[in-house]
Each structure stands twice: as structure tokens, then as C-alpha cells.
Amino acid sequence: MNAVTETLTKNARLNTSNTSKGRKVTLPVTGMSCAACAVSVESMLKSEEGVKDAGVNFANQTAWVDYNPSQTALPKLQQAIQSIGYDLIIDEDNASEKQQEVQAKHYQELKTKTIWAAIFSAPVVVIGMFFMDIPYANYIMLALSLPVLWLGRNFYINAKKQAQHGKANMDSLVALSTGIAFLFSLFNTLNPHFFHEQGLHAHVYYEAAIMIIVFILLGKLLEERAKSNTSSAIKKLMGLQPKTVRIIENGQEKEIPTAQVSIGNILVVRPGEKIPVDGKVTFGTSYVDESMISGEPLPVEKKAEDKVFAGTVNQKGSFRFEAEKVGGDTILSQIIKMVQEAQGSKAPVQKLVDKIAGIFVPVVIGIAILSALAWIVLGGDNAYTHALLAFVTVLVIACPCALGLATPTAIMVGVGKGAENNILIKDAESLELGYKVNAIVLDKTGTITEGKPEVTDELWLADDRDKGVYQSILVAIEASSEHPLAEAVVRKLRTSASPSVELSSFESLTGKGVKATFENETYLVGNQQLLSDHQVAISSSLLTQANVLQEEAKTVIFFASTHQVIAILAIADRIKATSKQAVENLQKQGIDVYMLTGDNEQTAKAVATQVGLAHYKAEVLPSDKADFVKTLQQQGKVVAMVGDGINDSHALAQADVSIAMGKGSDIAMDVAKMTLITSDLNQIPKALKLSRKTVQAIRQNLFWAFIYNIIGIPIAAGILYPSFGFLLDPMIAGAAMALSSVSVVTNSLRLRGVKL
């Protein structure tokens, strides 16, 4: 866990630190209503002096900016964004809370506007469709329409700001279509004789103009509600940290908000409470449920000097601990940050969609104008009326909301689903590529195996009454040894050994083992050669058993006195319980699985056999791993590399999809695009399935968004009128546009129910 903590903390500091090269921050954006809005904000940020690069994500309403603090500042960038009708929340410490407040307030305002707009619009629709002949019908509709236009005034305000900067977005389409329809209706209401004198009926379209606003407000309301659901994983993670804590101050307990905790504060945690920040136990013992971070269901014992982490749950005991990492530095905050950054990252397909959205609005305005001109030239008796209808309807039905939401909403839900399953996804590209993977390269140590040596077999030849004493002697000898395998013996036998003993002498014999003296008796711990040097006899049956263990790639240690062998122990880097099943699952999916290791051929073969691998390479150098990945790529394979060590970082960087084990080195996790917090290889098939389901959702979303516009725009322009006499009502176009956005978001939300 230390490696995970250090890496996540370091990443956060890199993302929000001042350097000679610049500063990179991620900030919430408010006021965006469509993908074209995101393009406008992004281009405005990029055009500011001192900004090296910037990106905006419409779905999670955030912008990241890489800028030079010596040339510009966040307030200046905020002013630039405000000038085109949007806003940046630049309070980095409480940005997410403020964004939630703004979004909650915006949702309530939108709800109120939608309800009142619908109330005023209902009688207008009834009069416009059924009671046009009642006295003063047009004036009644005009009076009821004005409040609706006021409720939708933001469309016109934002469209004006966009036009002042030579830009256009969804608000531009709505403002143009409803504004022209209303002004046309107002003219005919105040001066109906103008058209009557030309033999035409003075039609009014109040109901179409205001119902477009109602439907778009309703669509935005449903969209806001749906988008808030896509961030449920983030909200659940945020909810893991308690709001208040108890600290010891001047010997007294005092309750303060978690946000006020400082490094060095002593905090008190009682049974059943969540741990508020990262720290180190100073007093007391307990068991802590760390499944939120490690994925392991069994509570972990905590005593003095042990680390504890924010968001984990204290079980039975009470303890005090010293705060070491607070605020954005806690491991919980870093997990949240990684998920947020991944949700805000753009998949390759999204970059194409952004370009389309950027030119979409001007193109649609052009189509609308051409449609109107065509009707004026070819429309016959009602040419001007039909021209207006076609112009308004094309502008309404072509709103690019669904197009802009198609990819980011699916990515957001996919990343959130991954976080719930202990799969941290750093960027959208790996999520989009994952489903294409047909070759996976696994490192051995720490990936397939546990990554630390453990005693796997014991054979004691001593009597049971003497066994405890001999175990104590062996523990004392191994505790004095500096050999890497000695610690495994101590860990294994410490609890079962008798009270500790004090050795009279201790001597390390390089390449063979150690020799020690206890109560005038000499004891040997080491390999077969050590026993031979001291003329200690080993029976043939014991040698046979030792050979069997060695063939299983285990290191055999002999424990003997100068008279006889007391025990043999086998030590190995134990294969994880889930590795074999994970390899089988991957192979069933038609994926070629390879194992690379720097270990010897015998060990590599034994491990490969045990987990069912046909492809493996032993004694591989770090550069060889990257070359092997490159070779597979040259064969046309999409390669995923899974590793946990510094020596895997080159290969991880080379791979198409890189996956780090959460308990591995910080460098490996820096390079990798995915991190498996649990170190369970069974998460890999889950990650690939998640990728496949997310890409399916993206494709479905894009299909419906594109097909909707491809079919809708020609119908709106009047292509069916010559053959069928059908013209699409602008009011119905507004409803269809709103429905398309909601359907895209709803389709993305289906990912939440996918079983991985």
C-alpha cells in the first residue's frame, strides 16, 4: 500500500504544482449546455496568452489548463471564459464542493423554469391548435408567450456573447429559431394585413416558438439529472470520508471538521467509525477493514507505528493516530482524483466528435438558410411561411447535444464502474483500446506470484516435545541472518515457536548458509553443501523429498545440528490463488497469454506449468521485455502489458494497454494507464469486458446521434413535402431533440448494471 500511496500523492502534486515549465490544473466549468459550448470554452482558453494547452469535457463539466503562471493567472482565465457566457470555479481547495453547489442550484433553477414555462405554454398550445378563432387569440398567445421567452432568456444572452466572439453553439440555434418564429408571429399579430393583401394567411407560431423552449428546458433538466448519476462512483468515494473528526488538543478531545485537520494532529477513532485522513497509529490496537483500498475482505490488525488510510473502517478497538497526509494528499483523495481525471480524459473517437461539433453549428445554420431560400424560390403560394418553418425546424432538430454527450457519458460511467471494481483507469484511450487486446504479457514476480518469498513446505524430523525448542532456535538464527529468505522463515515460525532464545555465536558462510551456537550445541541452516562440509548425514529418502521440492522451483533449506538433520523447509514466491483461473479466463476469450521473467528457466517453467501457460521466457532483461512487446505488435497484435516493478516500466510504456498491480512500484503505476488495486489478475478479464461494453455503448450512442441528424435535418428542411405533403412541426422537432440527448445519456447509464 505504501507504493500506491506515494504514487498517488506524487501524481497529485505534479498535477497542481508550480514548475519552471508551467502549471497544470483541472477546474470545474459552469454554464455549458452542449458540445459546441465545450469547444468554445476550449478554444478561448487556448487563445489566452500564457496557456500552453487546454481541454474541456462537456460530460463532467471540467476544464484542464496547462499554463505559465508568470504570463497569466486563473482569475484572468476566468474573466476570459465569463466573457463568452460561461464561468470557471478557480477555488482549487473547494472546487468540487462549489461545483456541486452550483450544479444543485442550477438544477433547481432549471426545474422551476421548466415548470413555469410549461404552465404558460399549455394554454398557448391549446389555443394555437384548437381555438384560433376565439376573439383576441393572437394577443392572448402573445401575452402568455412573453413570460416563457423571459424564462428562456439565457439562450439569447449566451447566443449574443457567442456571436460577439464569432462563435456559435446550441444556444445560437435555439435563439435564432425561436427568435425568428416569435418575431414573425409578432409581426403578423400587430400587422396581419401585410400578408392578407398578398392573398396569404397571416400565420402565427407562438406555440412552436415557446414549446421549443419548454422541450429544450425539459431536455436539459433530464440531462442534468442523468449526468449527475454518471458520477455516482465519485460521490460514493467522497462519502467514505467522515465530515467531522475528534482530535486531542491540550489533553482534551475536540470535534472539528475534517477539512481543518493538520499534519501532526492526534486523532481518535472509535469502533465502527471511518478513518478521516492517512496517518500512523500512536496508541491502541484494532482491526481495520481496508477492503475499500486493498479489495481484501479480512480486517487488518493495527498497532503502534502501523499505517492507516482515509475511508477505511475501524472495527472493534479504539486507537489514536497521528495525521500524516490530509486533504488532497490522502490515498482516498488520490483515488478520487485519478477517477475524475480519467472521466475527463478524451477517447480518440471523442477528439473527432469534438471537431465535428465545432463546425456542426455553422454548417446547420447554412443548411437552414439554404432550406429557407429553396422554399422561397420553389415554394409556391405559401413559400414564405414554409421557408420560415423549415428554417426554424432545421435549427431546432439539429442541436448537437446528443453528439457531444455520446462518448464522454459512456466514458464517465465506464471509469466509475471500473473504480467500483478496484480498477483505476487513468485515461479514456486505454478504456477504448482494451477490447481490442489479443495478447497479454504478464510479469512473473508480483504479478502471477505474490512477490515475496514464503515457506511453502515444512518437514520436521524432531519429536513433537522438542519441536517448539528447535523452532525457537531456528527463528533466532534466521532473525540474525541478512539473507532475503531468512525473513520468510521468521514470519512463518514466529507465532508457533517457544519463547525466544539467545545465541552464543553466529557466523555467516557465504553461498552456503549460517552457523550458530546455542547451549554449547552448533546448529546449521543452509544448503546441502553446508551439511556436507560439516559431515552431517542426509538420508536418501530425505534427499528425494528435497529434490522433488526443488523441481517445483522451490528453494530448500536444511536445518541441522552437527549430529543430524532436524528439518527441511521449502521457500518459494507463492503463486497467487487466483492466477491460474485468471489465465484460463483470458485464454477462453481467445487472448494469447505470455509470461516474462528474469528468473531462471527451471523456476519459470514450474510457474508456467502451474498456471497453465504455454508461452514463457526466462532470464529476460528489462529492455528485452519491451522488445518482446514490440515484436508482438509488429505481428499485428494489440498488446497489454501487466507488471508491478520498475523493471516493467519500459515494457508498460511500449504496450498498447498498460496495467500496473496496485501493490507494485510507484514508477510502474506512473507509466501504466490502468491500475489494479487488488493485485488480483482476475480483474484483467473484468477490465477488458468493461472496455468492450463501454465501446459498445459509445458506438450505440454515436449511431443514434448521427442517424438522428442524418434523418432529421432533411425532413426538417421539407424533403418529404413534395411527395407526401408532410412538414415537420418545430414543436415536435424540439421534443425529438430533447429526447435524443436523454436517450444517449440513458443508454450510457446502462453500463452501471453490467456484471463484470
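Fair warning: this is a prediction, and the values are worked out from it, not measured in the lab. (Residues numbered from 1 in each chain as written. Predicted model: local features only at pLDDT ≥ 70, side-chain atom pairs only at ≥ 80, totals over all residues. Heavy atoms only, no water.)

*Asks:* How should I be thinking about the overall build of the protein chain in this particular structure?
*Replies:* For the protein chain, the count of helices and strands is 29 helices and 26 strands. Accessible surface, the protein chain as shown: approximately 33,500 Å² in total, 54% of it carbon and sulfur. (Helix = DSSP H or I, 4+ residues; strand = E, 2+ residues; numbered from the N terminus. Areas by Shrake-Rupley, 256 points an atom, 1.4 Å probe, with all protein chains shown as cover.)

*Asks:* Mind showing me how you'd approach the side chain of Asn-314 here?
*Replies:* Along the polypeptide, Asn-314 turns up in strand E12 (residues 313–314). Look at Asn-314 and you get buried, because its relative accessible area is 1%. Of note is the side chain of Asn-314, whose polar atom sits 2.5 Å from the side chain of Ser-286. Sequence-distant contacts of Asn-314, defined by excluding residues within four places in its chain, comprise Val-269, Arg-270, Pro-271, Gly-272, Glu-273, Ser-286, Tyr-287, Val-288 and Phe-319. (Buried < 20%, exposed > 50% of the residue type's maximum accessible area, 1.4 Å probe, protein only. Polar contact = N/O pair within 3.5 Å; in protein donor to acceptor, adjacent residues only side chain to side chain. Contact = heavy atoms within 4.5 Å.)

*Asks:* I'm lost on the pairing of strand E5 (residues 244–249) in this one. Help?
*Replies:* Looking along a regular strand, one sees the side chains alternate between the two faces of the sheet. Here E5 pairs with strand E6 (residues 252–257) via 6 bridges, running antiparallel. Of the residues in E6, the one forming a bridge with Val-245 is Ile-256. The antiparallel pairing of E5 with E6 creates a hairpin that spans 2 residues between the two strands, and Asn-250 there sits at a positive phi of about 55 degrees. Of the pairings in the sheet, the one linking E5 to strand E7 (residues 266–269) comprises 3 bridges and is antiparallel in character. Following the sheet pairing, Arg-246 is matched in E7 by Val-268. (Pairing = 2+ DSSP bridges.)

*Asks:* So what exactly am I meant to see when it comes to unusual backbone geometry here?
*Replies:* In this structure, Glu-519 is a non-glycine residue whose phi angle is positive, near 50 degrees. By the secondary structure assignment, Glu-519 is in the loop between strand E18 (513–518) and strand E19 (521–526). Classification of Glu-519 as exposed rests on a relative accessible area of 62%.

*Asks:* Help me out: how do you make sense of the sheet that holds strand E1 (residues 23–30) in this one?
*Replies:* Adjacent strands of a sheet form backbone hydrogen bonds with each other and so pair up, either parallel or antiparallel. Reading across from one edge, E2-E3-E1-E4 is the order of the 4 strands in this open sheet, with antiparallel pairing throughout. Pairing within the sheet leaves two strands with one partner each, and these edge strands are strand E2 (51–57) and strand E4 (87–88). Bridging between E1 and E4 involves 2 bridges; their strand directions are antiparallel. The residue of E4 that forms the bridge with Val-29 is Leu-88.

*Asks:* Hey, could you run me through the sheet that holds strand E23 (residues 615–617) in this one?
*Replies:* Reading across the sheet, the 7 strands line up as E14-E26-E25-E24-E15-E22-E23 and stay open at both edges, with mixed pairing between neighbours. Both outer strands of the open sheet, strand E14 (423–425) and E23, are each paired with one neighbouring strand and no more. Neighbour-to-neighbour, the strand axes of this sheet turn through a mean angle of 20 degrees, independent of strand direction. Pairing analysis gives 4 bridges linking strand E15 (residues 439–443) to strand E24 (residues 639–643), with the strands arranged parallel. Paired with Leu-442 across the bridge in E24 is Val-642. (Axes fitted to C-alpha atoms, helices over the stretch in contact; angles between N-to-C directions.)

*Asks:* Is there a simple way to explain the nonpolar core in this structure?
*Replies:* As a rule of thumb, nonpolar side chains are buried together in soluble globular proteins. Membership of the largest hydrophobic core comes to 53 residues, with the highest contact counts inside it found for Tyr-206, Val-364, Val-394, Leu-395 and Ile-713. Taken together, the elements giving at least two residues each to this core come down to helix H4 (95–130), helix H5 (137–151), helix H7 (170–190), helix H9 (206–230), helix H13 (348–378), helix H14 (383–397) and helix H27 (683–717). Among the elements that line this core, the one with the most residues is H9, at 11 residues. Those residues within four positions of Val-394 in sequence are excluded, and the remaining contacts are Val-364, Ile-367, Ala-368, Ser-371, Ile-713, Ala-716 and Ala-717. Core analysis: the second largest hydrophobic core is formed by 47 residues, Ile-425, Ala-582, Val-642 and Ile-698 among them. (Core = buried A, V, L, I, M, F, W, Y, C linked by side-chain atoms within 4.5 Å.)

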